[in-house]
Each structure stands twice: as structure tokens, then as C-alpha cells.
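# Notes for the structure review
Chain residues, written in single-letter form:
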Amino acid sequence: KQEVTQIPAALSVPEGENLVLNCSFTDSAIYNLQWFRQDPGKGLTSLLLIQSSQREQTSGRLNASLDKSSGRSTLYIAASQPGDSATYLCAVRRTGSGGSYIPTFGRGTSLIVHP
Amino acid sequence: ETGVTQSPTHLIKTRGQQVTLRCSSQSGHNTVSWYQQALGQGPQFIFQYYREEENGRGNFPPRFSGLQFPNYSSELNVNALELDDSALYLCASGPGVEQFFGPGTRLTVL
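Cut-offs applied
Residues numbered from 1 in each chain as written. Chains lettered and ligands numbered in written order. Predicted model: local features only at pLDDT ≥ 70, side-chain atom pairs only at ≥ 80, totals over all residues. Heavy atoms only, no water. Helix = DSSP H or I, 4+ residues; strand = E, 2+ residues; numbered from the N terminus. Rg over C-alpha atoms; globule rule 2.2 N^0.38 Å. Buried < 20%, exposed > 50% of the residue type's maximum accessible area, 1.4 Å probe, protein only. Contact = heavy atoms within 4.5 Å. Areas by Shrake-Rupley, 256 points an atom, 1.4 Å probe, with all protein chains shown as cover. Lys, Arg positive; Asp, Glu negative; His and termini not counted. Charge placed at Lys NZ, Arg CZ, Asp CG, Glu CD. Core = buried A, V, L, I, M, F, W, Y, C linked by side-chain atoms within 4.5 Å. Phe/Tyr/Trp six-rings, centres within 6.5 Å; stacked < 30°, edge-to-face > 60°. Pairing = 2+ DSSP bridges. Axes fitted to C-alpha atoms, helices over the stretch in contact; angles between N-to-C directions. Salt bridge = Lys/Arg side-chain N within 4 Å of Asp/Glu carboxyl O. Buried area = accessible area lost by both parts, 1.4 Å probe. Polar contact = N/O pair within 3.5 Å; in protein donor to acceptor, adjacent residues only side chain to side chain.

## Some details on the overall build of chain A
Regarding its fold elements, chain A presents 0 helices and 11 strands. The N-to-C order of helical and strand elements in chain A reads β-β-β-β-β-β-β-β-β-β-β. Computed over the C-alpha atoms, the radius of gyration of chain A is 14 Å, within 12% of the 13 Å expected from 2.2 N^0.38 for a compact globule of 115 residues. Dimensions along the principal axes, computed over C-alpha positions, put chain A at roughly 50 × 30 × 20 Å. Considering chain A as a whole, with its 115 residues, one finds that 41% of them fall into the buried category. Considering only contacts in chain A between residues 6 or more positions apart, those separated by 24 or more positions represent 54%. Carbon and sulfur atoms form 48% of the exposed surface of chain A, whose accessible area is close to 5,500 Å². Across chain A, the 10 positively charged side chains and the 8 negatively charged ones have centroids separated by 8 Å.

As C-alpha cells, then:
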């Protein structure tokens, strides 16, 4: 059974800091890994999707890396801003029966960036 | 905006009742998935539908069931509600593996 762990569970930093959020998973037979952002009581917004054959993806101030063999992914946020405050979730997908892709989510890292 | 909408936004039910939650996707989003997210937890995968057939299911009992319709809308039905069913229910849809999430329905079971 796939287990996904995110560290730290919570983070509070001053504006401008560079941040590293960690995601680890127990089964390396994954199809892809995706990072999401969730604002309180809201749905999920996709940030970055890394296929199992890829090592990293970048979008603006965000960079995500994937080391499938060690079961780890890192989300790097450069020059953090108060608007980055949210919960960050990582999800790992495996292939299931019938062509489905079964995701397993971590519990998230709750980030507060204060001015 | 993801183009995925859910209704209602909030719902209160009592234990033992039945509930139907609805999701409306964009045209071409042949895959829809439903998730349960308890407070402080990550989303838990309930099931996935592809072209109106269930093709993947998480560790949820049969009282959780769903339907997907040709007009890209879908439903999540939960029978015999329990207190632990209180959660945010998320629907996600997409043309392929990448999926776009709706804002969720907050269900409270008293």
C-alpha cells in the first residue's frame, strides 16, 4: 500500500525566504507525481506535474524534483510571498485496473508567509 | 478557474440519511474522480469514472456510489450517512491523467 508523507507539517516564514517542502513515498512504482495548492476550505489547484520518467519541472518561482528510486520529491519555492500562504499537497499516482490512475495524497504542508 | 463546478457548496444531513452531490465538468473531460477530505487530512480517493463506467475504486464501502452522465456531469451518492462522513467532497475531471478540481461540497452529518 502506497504511503505518502509530507514534511514539515507546518511552516511559518518571513516574506522573501526560499523554501523547501518535502514529499516521500514508499512504493517507487509510480506513474506520476503532482503538487497542488489548497486554500482554506477550497478545492485544489495544480502547480506542477512530473511524469515518472522526468526529474524535475519548473513554473515561475516553483521547481519540483523527483527521485523515484529514493521515493522523494521536493518542491522549491523561491522568494516566498504572503500570497503563497496555503496548504501544499503532493499526490502520487499508480496505474490501476481498467486504465485508471489511482492517486495517494499526503496530508500536506501548511505554509504561512508573513510580511 | 478550472471549469469544474460542484453543488451544493454546503450541506447538512443527519445520520442515516442519504445524500447526492453533483459535479459539472467541461466538455471533453471523459474522466471524473471523487475524493473525500476530512479536516486536516489529504484527499482520499473514492472512485473514478471513465466514459460512464467505474474503472477505479479506493477503500470505501459500497454505500458510496456514483454515476457519470454523457453531458460530462456526475454524481456521488452516499447512503446510510455516518458521522465520520462529514468532510469536504471534491470532484476532479480531465481529458486524461491530469485532472482539474472543483471547489468542493462541505458535508456535515449530525
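## Quick word on the overall build of chain B
Looking only at helices and strands, chain B features 0 helices and 11 strands. Secondary structure elements in chain B, listed N-terminal to C-terminal, are β-β-β-β-β-β-β-β-β-β-β. Across its three principal directions, the C-alpha atoms of chain B cover 40 × 30 × 25 Å. The proportion of buried residues among the 110 residues of chain B is 49%. In chain B, the share of contacts with a sequence separation of at least 24, taken over all contacts with a separation of at least 6, comes to 53%.

## With respect to the nonpolar core
Of all hydrophobic cores here, the largest spans 22 residues; its most connected members are Phe25(A), Leu33(A), Trp35(A), Leu75(A), Ile77(A), Tyr88(A) and Leu111(A). Sequence-distant contacts of Phe25(A), defined by excluding residues within four places in its chain, comprise Gln2(A), Glu3(A), Val4(A), Ile30(A), Leu33(A), Leu66(A), Asp67(A), Lys68(A), Gly71(A), Arg72(A), Ser73(A) and Val92(A). Leu21(B), Trp34(B), Phe47(B) and Val109(B) belong to the second largest nonpolar core, which has 20 residues in total.

## So, the packing of aromatic side chains
Under the definition given, this model contains 8 aromatic pairs over all chains. On the basis of an interplanar angle of 80° and a centroid distance of 5.3 Å, the ring pair of Phe36(A) and Phe101(B) is categorised as edge-to-face. Placement of the pair is Phe36(A) in strand S4 (residues 32-38) and Phe101(B) in strand S10 (residues 100-101), with the two residues belonging to separate chains. The class for Phe36(A) is buried, based on a relative accessible area of 0%.

## Digging into the sheet that holds strand S3 (residues 19-25) of chain A
Residues and elements named next belong to chain A. Pairing is antiparallel in the open sheet, where 5 strands are placed in the order S1-S3-S8-S7-S6. Only two strands of the sheet have a single neighbouring strand rather than two, namely strand S1 (4-7) and strand S6 (56-59). Going from strand to strand, the sheet's axes swing by 15° on average, the running direction of each strand aside.

## Focus on the pattern of salt bridges
Within this structure, the stated rule accounts for 6 salt bridges over all chains. When the shortest N-O distance is used, the salt bridge between Arg37(A) and Asp39(A) registers 3.1 Å. Assessed through its relative accessible area of 17%, Arg37(A) is described here as buried. Glu82(B) is the partner of Arg63(B) in a salt bridge, and the nearest nitrogen-oxygen pair spans 3.3 Å. Of this pair, Arg63(B) sits in the loop between strand S6 (53-57) and strand S7 (64-68) while Glu82(B) sits in the loop between strand S8 (73-78) and strand S9 (87-94), and the two are 19 residues apart along the sequence. For Arg63(B), a relative accessible area of 17% gives the class buried. Residue classification places Glu82(B) among the partly exposed positions, given a relative accessible area of 41%. Beyond isolated ion pairs, a larger network of salt bridges with shared partners links Arg63(B), Glu82(B) and Asp85(B).

## A word on the interface of chain A and chain B
Contact residues are listed per partner, giving 23 residues for chain A and 20 residues for chain B. Regarding the contact of chain A and chain B, the summed buried area is about 1,600 Å², with carbon and sulfur atoms giving 55% of it. Of all residues in chain A, Leu44(A), Phe105(A) and Arg107(A) bury the most surface against chain B, accounting for 29% of the area lost on that side. At the boundary of chain A and chain B, one finds 0 salt bridges. Here chain A is connected to chain B by 3 residue pairs in polar contact (both at pLDDT 80 or more).

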